[in-house]
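# Residue-level structural notes
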Amino acid sequence: MRIKTIARIGLLGGTSLLAATTAQAQSTAPAPAAAVEQPATEDDEQVIVVTGSQIQGAQINEVLPVTVLDEQAIENTGASSGDELFRAIPQAGTVAFNEQNATTQNTARGDVGSINLRDLGTGNTLLLINGRRMTLHPGFQTELLVPVVSSDTNEIAPGSIRRIEVLRDGASAIYGADAVAGVINTVLKGNLNGGFVEGDWRASDGTSLYSYRLSGGLGFDFGGGRGNMTVYGGYYYENGMPTSEREYAADENRLPLVEGTDFEGDASFNNRNTFGPFGQFDIQAPSSRTPIGDDDFYLQPDYLPGCRLDFGNGVCARNGTTPTTAVRYNQNYDGTLISEKKRYNAMALLNYELTSSLEAYFEGSFYRSESRRNNEASAILGAVPIGISRNAYWNPFGPVGSPNRLPGTTIASGGADVIMERYRFVDVGSRDVSVDKDVYRLVGGLRGNFGSWDFDTGVLYSEARTDDIARNRVSLTLAQEAINRTGPDAYNPFNGGCLGDPGEGDCTPNPESVMDSMRIDVFRKGGTSLALADFKVSRDDLFSLPGGSLGVAAGVEWRRETFFDDRDPRLDGTITFTDSVTGDFNGSDVVGTSPSPDTSGEREVYSAFAEVFVPLVSPDMNIPLVEEFNVQLAGRIERFTDIDETAMVPRIAASWTTFPGVTLRGAWSEGFRAPNLVQVNDEGTTRVNTRDDFVFCQAQVEKGLLANLGACPGASTVSFRSGTENLVPEDSESINLGIVLEPEFIPGLTLTADYWRVKQTGLVGTFGDDNAIALDLLRRLNGDTNPNVIRADPTAEDIALFAGTSLAPAGSIIQVLDPYLNLDSRVSKGWDFGLFYRVPDFGLGKFRLRFNAARLNSFVQSAGPDSQELLAGIADGDLPPDVTVGGLGELLEVDGRPKWRFSGSVNWESGPVDVGLFTNYVGEVWDTSVTRDVLLDTDDPNGNFFRVKDQMTVNLSIAYSIDNNTPLDGTRLRFAINNLFDKDPPLADEQFGYYSELHSARGRVFHIELRKEF
């Protein structure tokens, strides 16, 4: 965010001057936690450090909207991974990085989870461990067509956490880039005295899925109590679950699941794929000379209607380019829903008092995950067909006398080449994907005080590496060589699949020796690193004011971030494919995967910040209706070397206690998110999607060949997306207003309500290849063109099509340029509600109640200049109403972003017994990929889409602890049931039948845990 007003400079200048008076600077300290929503307990030793402030000891809690999960709350969630744990936070939003949503070579695969507070976009939430940044996961995920990055939540093992603190407010002024939506700080368990071992076993009811975990820790003081060493270690194993064990995931034809609903028979729920073992081909001969009466045909079982030519063995050819639903393939056949995985983690925490005012500390951790799964067999891309030579052994239209020329064919005696346009190599087998990840993190520093000043300085270095191997992939070059062999050792793509159900497997496999000649392994190696050095000073009593002591903090930070993405030579352009029959070139030699270049980048970031806490009014001043009034001021400046941009942001927050128990709070801040290293350094990524060429279709509409643009047949279109160092940071403005109630007549009760609003501008995105083509139509209607749509010269056939229409002749699309740009803006609004109640002891044991709710009010995306041009064209009638611009307007509940999410728990303790009840709720959303066949007349713009139901799950647990003088002393047995009522995830039109970004396929999980402390 570039500074625009003198007022902002004044705020930052004032705080920087204050920092200068301290002659010191900042860092992210080991820290945080907090709590208005959850006061400290005896177990917390009354020590609270607040995420959202760097002033150690300042009484700033009431100013900040912070949610805390302590060990009991974490245990209530029943989480076995960081991903499951963070999903239980209602403000966490959709999880873009997950194993069900990452089945292609170009997505972040493996045992990975992400964080997306407020649904403001992955990459807008800052994850900290003990107050310092986590490194990013090496892979990236496409979100709104642009690559986004996130730290991996699975690197955080629930058993090592003392508490999690969620600052639900923009915090760029305190923590810097990526804190637009807020900050989540994980505080690790340290300073143990003694040890523990723990075993944990889980099983999903009605399935073969199970997991177990073994962990332990040991801590001890040394040096006469001046130092402490704490170490942890753990191992986790899960055996995985095939898609066949869940009805909604087993078959992409989900029509049986919507019987009896308004969507019964809706073709959108049959997602079987047109690419299967029954291929689709184009004969390189005139239609009148083919025995099928068409140059295009596809294979099918001969008992289906429409057969034109018998291929033998129960297989025939039917004319056309798109296989009917009866022939389409179930991509989930023999697939994996939940991966087999292993996790290893080890950690050491050390602190030692060098003097009475100086302490050294060290954190070291190592994390490894290994996952393995089956994904659907490789299929060719529509834009990359494979030419089959007329001399190929299995070509049914080869020269007269060739071994497999079909009897009675009318093809010329010299034979004809054939283009294979749709085919899936099912007999080669499912893609066997393994992803191994290693992460280590080292932190060392000093903290203490000199005089009245607290300081903390440290260095951090962390690296993450992933190794993604996909087996049973197919080389385009080797596959074409195998298909075009002239002997019986050739690969036969004309023998179809299984006759009983064409969508399930391949009952006519080629010999293994033939398939081995074209099989390849494809790798993708990725890495990220984070180096950081910081220095911070703070003092909570710089001088006295009538309302109390003024607190101040200031600091500087340097960090260096790197990433690399090393693709297999068959993907990065080293080994390419040139079709030996057609001469067409493709930058990738891997069937089904677009070319992707190796990418790498680095940046250095220099930052400084200052913060002031000003207590203006205290209870001692006896001012009516102003029990207390406190103000927080902060500012930060960051310099990014790679994009040559400087961001400067302020923050102001205040709390006003009208009378004891009633506090109003509010904050205004500006924030920024720098474009990530992938967005800046991507030299060009090619993707192939099915898109409508509105220009050609408009000519067909005007000629009476198409009813309307809505009937425009899609075609494979190549999109070229690229990054640029000209991107600038996204800007944001956040407002948070809230109330905290702690009624004195109900001791132990805290209620909170907070309204928030975030405006983001200059969001990094792509215009979209479909929008670019629509813009090309609009401009051609006005005598111009869109230069980002690159077309071939019009052929004679093209010229004839456009003759007599309102459009000048155009050629077919070669590719669409779709660079990353600072485009649209977004305004999001919502409410948070919290309840924490520690019920006074009235003789029936200890009760604790918690409730945390997030209500999203609106999520409005506004158009950038090019989108505005399109919208104006539609509004003015220059474009037909069939052309729409997606991703704009009110997106609340659209493909995610439910209105309501909440969690709540009740815990009861009596002696050795602890009983917990936890519930989690996710509201309804619209699935826009499914539209009613018979449209309703409704004012709701989403009313004709499929409504994905809400879901509430309940966890129940009971634990018994032994406290006596026997060898069993310190033993705890816990039994729990997650998803007590075995709720399936709500049905959605997704690959596995549900929104994996919102829900889980684990169902009811039985959980037994045994722990021994010593």
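Residues numbered from 1 in each chain as written. Predicted model: local features only at pLDDT ≥ 70, side-chain atom pairs only at ≥ 80, totals over all residues. Heavy atoms only, no water.

### What about the overall build of the protein chain?
- Each helix and strand counted, the protein chain has 12 helices and 48 strands in total.
- For the protein chain, the C-alpha radius of gyration of 31 Å lies close to 31 Å, the compact-globule estimate for 1014 residues.
- Counting only C-alpha atoms and orienting by the principal axes, one finds that the protein chain spans roughly 105 × 70 × 55 Å.
- In the protein chain, which comprises 1014 residues, the share counted as buried stands at 58%.
- Looking at the protein chain alone, contacts between residues at least 24 apart form 74% of all its contacts between residues at least 6 apart.
- Accessible area of the protein chain: about 38200 Å², with a carbon and sulfur share of 55%. (Helix = DSSP H or I, 4+ residues; strand = E, 2+ residues; numbered from the N terminus. Rg over C-alpha atoms; globule rule 2.2 N^0.38 Å. Buried < 20%, exposed > 50% of the residue type's maximum accessible area, 1.4 Å probe, protein only. Contact = heavy atoms within 4.5 Å. Areas by Shrake-Rupley, 256 points an atom, 1.4 Å probe, with all protein chains shown as cover.)

### Quick word on helix 6 (residues 476–483)
- Residues of helix 6 that are buried: Leu476, Ala479, Gln480, Ala482 and Ile483. The arc enclosing the buried residues of helix 6, seen along the axis, measures out at 160°, which places them on a common side.
- Of the surrounding elements, those touching the buried residues of helix 6 are strand 19 (386–388), strand 20 (418–422), strand 22 (453–474), strand 25 (577–578) and strand 26 (585–586). (Arc of directions from axis to C-beta.)

### Some thoughts on the state of the cysteines
- Evaluated as defined, the whole model comprises 3 disulfides.
- The disulfide partner of Cys307 is Cys316, and the gap between their sulfur atoms is 2.0 Å. Here the disulfide of Cys307 and Cys316 is left-handed, its torsion about the S-S bond being about -60°.
- For Cys307, a relative accessible area of 34% translates into the label partly exposed.
- Across the disulfide, Cys697 is cross-linked to Cys712 (sulfur-sulfur distance 1.9 Å). Looking along the S-S bond of the Cys697-Cys712 disulfide, the torsion reads about 65°, which is the right-handed sense. On the criterion of sequence distance, the pair formed by Cys697 in helix 9 (residues 694–702) and Cys712 in the loop between helix 9 and strand 32 (715–721) is long-range, its members being 15 residues apart. The residues Cys697 and Cys712 share a single accessibility class, namely buried. (Disulfide = S-S within 2.5 Å.)

### Quick word on the sheet that holds strand 3 (residues 132–133)
- Here we have 5 strands laid out as an open sheet, ordered 1-6-7-2-3, and mixed in their pairing. Looking at which strands have only one partner, the edges of the open sheet turn out to be strand 1 (66–70) and strand 3. (Pairing = 2+ DSSP bridges.)

### What about the environment of Cys307?
- If you trace the backbone, Cys307 turns up in the loop between strand 13 (296–301) and strand 14 (309–312).
- Here the alpha-carbon distance between Cys307 and Asp982, two residues 675 residues apart in the chain, equals 47 Å.

### A look at the environment of Lys949
- With respect to the secondary-structure elements, Lys949 resides in the loop between strand 45 (945–948) and strand 46 (951–961).
- In this structure Lys949 comes out as exposed when scored by relative accessible area, which is 60%.
- Expressed as a C-alpha distance, the spacing of Lys949 and Gly923, which sit 26 residues apart in the sequence, is 7.2 Å.
- Setting aside residues up to four positions removed in sequence, Lys949 forms contacts with Gly923, Glu924 and Pro986.

### A short note on helix 10 (residues 769–781)
- When the terminal C-alpha atoms of helix 10 are compared, their 19 Å separation across 13 residues agrees well with the 18 Å that a helix rising 1.5 Å per residue should span.
- Burial of helix 10 is extensive: 11 of the 13 residues sit out of reach of the surface.
- Restricting attention to buried positions, one finds in helix 10 the residues Asp769, Asn771, Ala772, Ile773, Ala774, Leu775, Asp776, Leu777, Leu778, Arg779 and Arg780.
- As for helix 10, its buried residues are in contact with strand 31 (685–691), helix 9, strand 32, strand 36 (789–791), strand 37 (813–817) and helix 12 (865–875).
- Where helix 10 ends, the next residue or the one after it, Gly783, has phi of about 85°, a positive value. (Expected span 1.5 Å × (residues − 1).)

### Some points on the pairing of strand 24 (residues 548–567)
- As defined by bridge partners, strand 23 (residues 519–545) adjoins strand 24 across 19 bridges and the pair is classed as antiparallel. Opposite Ala531, over in strand 24, you have Arg560 as the bridge partner.
- Between the end of strand 23 and the start of strand 24, which pair antiparallel, lie 2 residues.

### Some details on unusual backbone geometry
- Within the chain, Arg118 stands out as a residue other than glycine whose phi angle is a positive 65°.
- For Arg118, the location among the structural elements is in the loop between helix 3 (82–87) and strand 2 (125–129).
- For Arg118, a relative accessible area of 9% translates into the label buried.
- In this model, Asn622 sits at a positive phi of 55°, which is unusual for a non-glycine residue.
- Inspection of the secondary structure assignment puts Asn622 in the loop between strand 27 (599–617) and strand 28 (628–640).
- The exposed category is assigned to Asn622, whose relative accessible area is 66%.

### So, the nonpolar core
- Counting residues in each nonpolar core, the largest one holds 44 residues, and the members touching the most others are Phe297, Leu299, Phe311, Phe397, Met420, Phe425 and Tyr491.
- Among the elements that take part in this core, helix 6 stands out by supplying 4 residues, more than any other.
- Ignoring anything within four residues of it in the chain, the contact list for Tyr491 reads Trp394, Tyr423, Phe425, Asp427, Ala482, Ile483, Asn510, Val514, Met515 and Met518.
- In terms of nonpolar packing, the next biggest core, distinct from the first, is built from 31 residues, Leu69, Leu85, Leu117 and Ile184 among them. (Core = buried A, V, L, I, M, F, W, Y, C linked by side-chain atoms within 4.5 Å.)

### Quick notes on the pattern of salt bridges
- Under the defined criterion, the tally for this structure stands at 67 salt bridges.
- A salt bridge links Asp467 to Lys525; its shortest N-O distance comes to 3.2 Å. Of this pair, Asp467 sits in strand 22 while Lys525 is found in strand 23, placing the two residues 58 residues apart along the sequence.
- Between Arg636 and Glu557 there is a salt bridge whose closest N-O contact spans 3.8 Å. Here Glu557 lies in strand 24 and Arg636 lies in strand 28, a separation of 79 residues in the sequence.
- Linked through salt bridges whose partners overlap, the residues forming this network are Glu557, Arg559, Glu561, Arg603, Arg636, Glu638 and Asp642. (Salt bridge = Lys/Arg side-chain N within 4 Å of Asp/Glu carboxyl O.)

### Some words on the pairing of strand 12 (residues 280–283)
- Burial of the side chains of strand 12 extends over both faces: Gln280 and Asp282 are buried on one face and Phe281 and Ile283 on the other.
- Pairing geometry for strand 12 and strand 13, over 3 bridges, is antiparallel. Looking at the pairing, Asp282 lines up with Asp296 of strand 13.

### Focus on the side chain of Asp927
- Relative to the assigned elements, Asp927 resides in strand 44 (residues 925–931).
- The buried charged residue Asp927 lacks any salt bridge, with Arg254 as its nearest oppositely charged partner at 8.6 Å.
- Within the structure, the side chain of Asp927 is placed 2.6 Å from the backbone nitrogen of Asp989, a separation counted as a polar contact.
- Not counting the four nearest positions on each side in its chain, Asp927 is found in contact with Asp895, Phe945, Phe946, Val948, Ala988, Asp989, Glu990 and Tyr995. (Lys, Arg positive; Asp, Glu negative; His and termini not counted. Polar contact = N/O pair within 3.5 Å; in protein donor to acceptor, adjacent residues only side chain to side chain.)

### Quick look at the sheet that holds strand 32
- In space, the 4 strands of this open sheet follow the order 31-32-37-36, with mixed pairing throughout. Only two strands of the sheet have a single neighbouring strand rather than two, namely strand 31 and strand 36. Shown here is a sheet whose adjacent strand axes are inclined to one another by a mean of 30°, direction ignored. (Axes fitted to C-alpha atoms, helices over the stretch in contact; angles between N-to-C directions.)

### Description of the confidence of the model for the protein chain
- Chain-level statistics for the protein chain give a pLDDT mean of 90 and a share of 95% at 70 or above.
- In this model, residues 1–49 is a region of pLDDT below 50 whose contacts with residues beyond four sequence positions or in other chains number 150 contacts. (pLDDT = per-residue confidence, 0-100.)

### Looking at the packing of aromatic side chains
- On inspection of all chains with the given rule, the structure shows 32 aromatic pairs.
- For the ring pair Phe269 and Phe946, a centre distance of 4.9 Å and an interplane angle of 75° mean the geometry is edge-to-face. One end of the pair, Phe269, is in the loop between helix 5 (247–250) and strand 12; the other, Phe946, is in strand 45, and 677 residues separate them in sequence. Accessibility classification places Phe269 together with Phe946 in one group, the buried group.
- Ring centres of Phe833 and Trp900 lie 6.2 Å apart, and the angle between their planes is 25°; this geometry places the pair in the stacked category. With Phe833 in strand 39 (residues 825–839) and Trp900 in strand 42 (residues 900–910), the pair connects residues that are 67 residues apart, well separated along the chain.
- Classification of Phe833 as partly exposed rests on a relative accessible area of 30%. (Phe/Tyr/Trp six-rings, centres within 6.5 Å; stacked < 30°, edge-to-face > 60°.)

### Focus: the packing of helix 9 against helix 10
- Two elements in contact, helix 9 and helix 10, have axes whose closest approach is 8 Å; the angle formed by their N-to-C orientations is 50°. It follows from the interaxial angle that helix 9 and helix 10 lie oblique. Across the interface between the two elements, Phe694, Val695 and Gln698 from helix 9 touch Asp770, Ile773, Ala774, Asp776, Leu777 and Arg780 from helix 10.
- A breakdown of the residues in the contact of helix 9 with helix 10 according to their chemical character gives 5 nonpolar, 1 polar and 3 charged. (Parallel < 35°, antiparallel > 145°, perpendicular 65-115°, else oblique. Nonpolar A, V, L, I, M, F, W, Y, C, P; charged D, E, K, R; others polar.)

### Overview of a nonpolar patch on the surface
- Residues Trp201, Tyr210, Tyr212, Leu214, Ile958, Leu973, Phe975, Ile1008 and Leu1010 make up a contiguous nonpolar surface patch of about 820 Å² in total accessible area.
- Put simply, the parts of the chain that give the nonpolar patch at least two residues each are strand 9 (210–222), strand 47 (971–978) and strand 48 (1005–1013).
- Top element by residues in the nonpolar patch is strand 9. It accounts for 3 residues.
- Mapping Leu973 onto the fold places it in strand 47.
- According to the relative accessible area criterion, Leu973 is partly exposed, its value standing at 47%. (Patch = residues over 30% accessible without salt bridge, like charges linked within 9 Å, V, L, I, M, F, W, Y side chains within 5 Å.)

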